[in-house]
Amino acid sequence: MSQPLRVGVAGLGTVGAALIAQVARQREQLAARCGRSIEIVAVCARSRVKNRGVDLKAMKWFSDPVALARAPDIDVFVELIGGAGDPAKSAVAAALDAGKSVVTANKALLAKHGVKLAALAEKRHVALNFEAAVGGAIPIVKTLREGLAGNAIDRIYGILNGTCNYILTRMEQDKMAFAECLKEAQRLGYAEADPTFDIEGHDTAQKLSILASLAFGSKVDQRAIYVEGISSIAPADLAAADELGYRVKLLGVAVKTPIGIEQRVHPTMVRKDSAIAQVMGVTNAVTVDADGINPLTLVGPGAGGTATASAVLSDIGDVARTQVGYTRLAHDRLQNSGKPEFCVRTEPFGRPTARLTSVRKAPMQRHAGGYYIRLQARDKPGTAATIAKRLAQQDISLESIVQRHAKDGSGPAPKIGSVPVILITYATSEDAVRKALAAVGRDRVISGRPQVIRIEKN
Ligand code: HSE
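Residues numbered from 1 in each chain as written. Predicted model: local features only at pLDDT ≥ 70, side-chain atom pairs only at ≥ 80, totals over all residues. Heavy atoms only, no water.

Description of unusual backbone geometry
Point 1. Of note, the bond from Asp86 into Pro87 is cis; its omega dihedral lies within 30 degrees of zero at 10°.
Point 2. For the peptide bond that leads from Asn294 to Pro295, omega is -5°, which places it in the cis range.
Point 3. Of note in the backbone geometry, His125 takes a positive phi value of approximately 60° without being a glycine.

Observations regarding the pattern of salt bridges
Point 1. Scanning the model with the defined rule gives 27 salt bridges in all.
Point 2. The closest approach of N and O atoms between Glu146 and Arg145, which form a salt bridge, is 3.3 Å.
Point 3. The salt bridge partner of Arg321 is Asp318, with a shortest N-O separation of 2.8 Å. Taken together, the residues Arg321 and Asp318, both in helix H12 (residues 305-322) and three residues apart, mark about one turn of the helix.
Point 4. Residue classification places Arg321 among the partly exposed positions, given a relative accessible area of 46%. (Salt bridge = Lys/Arg side-chain N within 4 Å of Asp/Glu carboxyl O. Helix = DSSP H or I, 4+ residues; strand = E, 2+ residues; numbered from the N terminus. Buried < 20%, exposed > 50% of the residue type's maximum accessible area, 1.4 Å probe, protein only.)

A few points about the site of the ligand
Point 1. With respect to spatial proximity, the complete set of residues near the ligand consists of Lys107, Asn161, Gly162, Thr163, Tyr190, Ala191, Glu192, Asp198, Asp203, Lys207, Gly302 and Ala303.
Point 2. At a separation of 3.5 Å, an oxygen atom of the ligand approaches a polar side-chain atom of Asn161.
Point 3. Tyr190 places a polar main-chain atom, nitrogen or oxygen, 2.7 Å from a nitrogen atom of the ligand.
Point 4. Protein chains shield 91% of the accessible area of the ligand, which is 260 Å² for the free molecule.
Point 5. Counting atoms within 2 Å of the grid points, the majority share of the ligand lands in the largest pocket.
Point 6. Mapped onto the shell around the ligand, the elements with two or more residues apiece are helix H7 (162-173) and helix H10 (202-216).
Point 7. Class assignment for the residues of the shell around the ligand results in three nonpolar, four polar and five charged. (Near = heavy atom within 4 Å. Polar contact = N/O pair within 3.5 Å; in protein donor to acceptor, adjacent residues only side chain to side chain. Areas by Shrake-Rupley, 256 points an atom, 1.4 Å probe, with all protein chains shown as cover. 1 Å grid on protein atoms, 1.4 Å probe; cavity = no way out; pocket = protein on both sides within 12 Å on 5 of 7 lines; lining within 4 Å. Sits in = over half its atoms within 2 Å of the grid points. Nonpolar A, V, L, I, M, F, W, Y, C, P; charged D, E, K, R; others polar.)

Let's talk about the nonpolar core
Point 1. Phe77, Phe130, Leu144, Ile156, Ile210 and Ile230 are the most contacted members of the largest nonpolar core, which has 78 residues in total.
Point 2. A per-element tally of this core places H10 first, with eight residues.
Point 3. Setting aside anything within four residues of it in sequence, one finds Phe77 in contact with Gly8, Ala10, Pro65, Leu68, Ala69, Ala91, Val92, Ala95, Ser101, Val102 and Val103.
Point 4. Among the nonpolar cores identified, the runner-up in size contains 32 residues, and Cys34, Val78, Ala105 and Val312 belong to it. (Core = buried A, V, L, I, M, F, W, Y, C linked by side-chain atoms within 4.5 Å. Contact = heavy atoms within 4.5 Å.)

A word on the layout of surface pockets
Point 1. Of the pockets and cavities examined, the largest pocket occupies roughly 1,200 Å³.
Point 2. Surrounding the largest pocket, 49 residues form its lining, Val15, Leu80, Ile81, Gly82 and Glu192 being those nearest its centre.
Point 3. Going through the elements one at a time, helix H1 (14-25), helix H5 (107-124), helix H9 (196-199), H10 and H12 are the ones with two or more residues in the lining of the largest pocket.
Point 4. Among the residues making up the lining of the largest pocket, the classes are represented as 20 nonpolar, 19 polar and 10 charged. (Points joined across faces, edges and corners; volume = space filled by probe spheres on them.)

What to know about the sheet that holds strand S3 (residues 60-62)
Point 1. Taken together, the six strands give an open sheet; going across it, the order is S3-S2-S1-S4-S5-S6, and neighbouring strands pair in parallel fashion. Edge positions in the sheet fall to S3 and strand S6 (128-129), since each has one partner strand and no second.
Point 2. Taken together, the four bridges between strand S4 (residues 76-79) and strand S5 (residues 101-104) define a ladder with parallel strand orientation. By the bridge assignment, Val78 is partnered in S5 with Val103. (Pairing = 2+ DSSP bridges.)

What to know about the environment of Pro195
Point 1. Inspection of the secondary structure puts Pro195 in the loop between helix H8 (178-187) and H9.
Point 2. On the basis of relative accessibility, which here comes to 15%, the residue Pro195 falls in the buried class.
Point 3. Separated by 60 residues in sequence, Pro195 and Val255 have C-alpha atoms that sit 27 Å apart.
Point 4. When neighbours within four sequence positions are excluded, Pro195 is seen to be in contact with Leu182 and Gln186.

Quick notes on the confidence of the model for the chain
Atomic detail in the predicted coordinates should be set aside for any region of low pLDDT.
Point 1. Predicted confidence across the chain gives a mean pLDDT of 92, with 92% of residues reaching 70 or more.
Point 2. For residues 324-340, every residue scores under 50 in pLDDT, and the model assigns this stretch 25 contacts once sequence neighbours within four places are set aside. (pLDDT = per-residue confidence, 0-100.)

Focus: helix H14 (residues 383-393)
Point 1. Every buried residue of H14 is listed here: Thr383, Thr386, Ile387, Arg390 and Leu391. Buried residues of H14 fall within an arc of 130° about the axis and therefore sit on the same side. Within H14, the exposed residues directed more than 90 degrees away from the buried face are Ala385 and Ala392.
Point 2. On its buried side, H14 packs onto strand S13 (368-378), strand S14 (398-403), strand S15 (418-425) and helix H15 (430-442).
Point 3. At the C-terminal side of H14, Asp395 shows a positive phi close to 65°. (Arc of directions from axis to C-beta.)

Digging into the pairing of S13
Point 1. Where burial is concerned, most of S13 is hidden: nine out of the 11 residues are buried.
Point 2. Two elements, S13 and strand S16 (residues 428-429), share two bridges in a ladder whose sense is antiparallel. Among the inter-strand pairings, Ala368 is bridged to a residue of S16, identified as Ser429.
Point 3. In the sheet, S13 pairs with strand S17 (residues 446-455) via seven bridges, with the strands oriented antiparallel.

Here it is, written out as structure tokens:
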């Protein structure tokens with residue numbers, strides 16, 4: 001058997017600890033599958049004394065991730081520090097520059113610097129693997145990069161944030177309050193250090209930017225994404241969705257349109273009988289619409305230590321199978337040609353970095369689809385007519401309109417003299433909906449902000 005693959009791990013949080021435990025648990029199976037053993041030989045974290053429930057005795061300790069990244073006695077650098085800036089960024093760059101393959105779960109880093117780091121990996125002929133950055137244990141990166149290399153992709157959408165799906169599920173099923181569900185998600189280790197990142201949709205947006213690049217061959221560009229989170233979703237919306245045959249999910253959607261790629265993250269109504277609507281709790285799911293295989297849905301655990309460690313380990317396994325450690329390779333296998341002989345994936349986004357295109361962004365105002373609109377309407381003659389007139393002026397056609405009795409108990413606490421009105425539109429444009437609602441607002445027939453949730457066809 002070949003030499004062991006020597007791994008250095010920076011960051012020993014939930015994922016790092018789960019990775020160390022899994023490598024120990026799967027030692028023999030990994031060696032059999034990869035043709036060589038995988039050994040975590042060095043680690044780096046802020047606290048040396050913290051009990052992480054794993055045995056670190058045999059591992060060399062580093063307090064500086066960049067020093068670990070450059071250490072001559074590791075073959076692969078695993079970055080589990082997180083964050084788009086330093087030290088994660090400089091450590092990953094240092095490892096790549098030193099000719100070491102990198103495995104990372106860092107969506108923020110890839111969303112911001114993915115293209116530059118991929119170019120560096122290509123230049124140094126090493127891998128930059130990031131299966132764990134999107135969808136936890138779901139192998140969506142490999143699916144897009146390899147499994148669907150021969151398919152044209154029209155749309156990719158998914159539930160990419162376990163925390164949000166967990167919150168929406170508990171709110172719907174257990175009638176719990178938003179804040180209580182969020183606390184529970186934090187306790188279970190799903191949420192980011194700053195949970196606003198999850199609930200305001202930014203975590204989903206980072207993941208979507210990576211998927212869109214893999215799906216459409218464009219440069220990762222998080223700025224091209226329209227983002228709305230779930231913090232405005234009220235129990236009344238979940239109840240109304242249920243009655244109307246929908247469920248509310250926070251989706252990340254990237255879709256090819258005639259005017260460019262539309263990338264958006266927002267709470268979305270999906271039909272209750274669709275595959276994505278069945279995905280509950282912390283589970284993630286990604287659906288790909290591609291020519292000839294439409295739709296393909298992958299579902300699995302999307303957050304938490306074990307799920308993420310599973311993807312990290314699969315990436316390490318890929319390196320073990322394909323790359324003889326750089327330093328050892330220089331010694332053992334650099335033969336007469338003087339060229340490295342290893343075979344390693346050096347196109348992190350599935351094509352040479354130089355061939356990734358700039359995103360042609362389809363503006364959100366041009367988005368077309370159905371809409372759910374909940375208004376708190378003045379309970380006076382003429383209100384419904386005014387609302388209908390404003391919608392008609394924008395050519396918006398209604399599929400259904402429900403006016404609730406102010407005291408039916410399913411809506412928010414009724415304001416005196418106002419009633420909740422719920423509208424479902426046929427396909428229209430974002431621009432038309434915004435204009436119609438602005439006009440309704442000026443007419444002073446509603447109170448508060450209208451709630452608008454887009455409906456995704458699936
Ligand atoms: N906070 C993330 C989530 C963790 O809830 O999905 C995985 O990226």
